[in-house]
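Remarks on the overall topology
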Amino acid sequence: MPARSTNFITVSVTAFIPWLIIILTFGAGGDLPRALYLLIHYALVVFLFGIAFAIYFRTHSMAQPFIVMVDAMLSVLVYEFVFVKYVYEGELWFLNYFDWIVPFFLTAMTIYCIGKILKEDEIGGRGF
């Protein structure tokens, strides 16, 4: 298998794990006040994707942060589409700016920033 497809598969698997944990906690937060739910959701996104991709970048030292971020976000889009289309049976109230777009942006930025920080740290740089 070519290296590019192998990298996409490993990035996809790495993105799937935090995405699944967030989806599993999705229903549990329904009874919380809206502001608290959003705060917990955002923190969970940054924390879980941060841990997952810190591990990924530590074990894949040649990975490019931007490419990994793009691959991960494409994977998350596919997971979201399949989930909403074939699994989720409730209302789609969460497909709005605060519930979907902000976490999507936070996910992308977390993956990219973790990659840049660890890559620069690895070569002795100062980060960004």
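Everything here concerns the structure above.
Reading guide: rules and limits
Residues numbered from 1 in each chain as written. Predicted model: local features only at pLDDT ≥ 70, side-chain atom pairs only at ≥ 80, totals over all residues. Heavy atoms only, no water. Salt bridge = Lys/Arg side-chain N within 4 Å of Asp/Glu carboxyl O. Helix = DSSP H or I, 4+ residues; strand = E, 2+ residues; numbered from the N terminus. Buried < 20%, exposed > 50% of the residue type's maximum accessible area, 1.4 Å probe, protein only. Expected span 1.5 Å × (residues − 1). Axes fitted to C-alpha atoms, helices over the stretch in contact; angles between N-to-C directions. Parallel < 35°, antiparallel > 145°, perpendicular 65-115°, else oblique. Left-handed = near helix turned anticlockwise from the far one by under 90°. Contact = heavy atoms within 4.5 Å. Core = buried A, V, L, I, M, F, W, Y, C linked by side-chain atoms within 4.5 Å.

Counted according to the given criterion, the structure contains 1 salt bridge. Between R34 and D99 there is a salt bridge; the shortest N-O distance is 2.5 Å. Separated by 65 residues along the polypeptide, R34 in helix 2 (residues 34-59) and D99 in helix 4 (residues 97-122) bring together distant segments of the chain. Here R34 falls in the partly exposed class, since its relative accessible area comes to 39%. Of the residues examined, D99 reaches a relative accessible area of 7% and is grouped as buried.

Between its terminal C-alpha atoms helix 3 (residues 65-87) stretches 31 Å, which fits the 33 Å expected from 23 residues at 1.5 Å a residue. Listing the buried residues of helix 3 in full gives P65, V68, M69, D71, A72, M73, S75, V76, Y79, E80 and F83.

Before going further, it helps to examine the packing of helix 2 against helix 3. Interaxial distance between helix 2 and helix 3 falls to 12 Å at its minimum, and their mutual angle equals 130 degrees. Relative to helix 3, the element helix 2 is oriented oblique. Once helix 2 is placed against helix 3, the crossing between them reads as right-handed. Counting all contacts with helix 2, which are made through F49, F53, Y56 and F57, the residues of helix 3 involved are P65, V68, A72 and V76.

A few words now on the environment of Y112. With respect to the secondary-structure elements, Y112 resides in helix 4. Sequence-wise, Y112 and G50 are 62 residues apart; in three dimensions their C-alpha atoms are separated by 9.6 Å. Beyond its immediate stretch of four places on either side in the chain, Y112 contacts P65, F66 and M69.

This next bit is on the nonpolar core. In terms of nonpolar packing, the biggest core is built from 29 residues, with F49, F53, F57, V68 and I111 touching the most fellow members. Listed by contribution, the elements that provide at least two residues to this core are helix 1 (3-26), helix 2, helix 3 and helix 4. The biggest single contributor to this core is helix 2, with 10 residues. Those residues in contact with V68 that lie beyond four places of it in its chain are V11, F53, Y56, F57, A63 and I111.

Keep in mind these values describe shape, not function.
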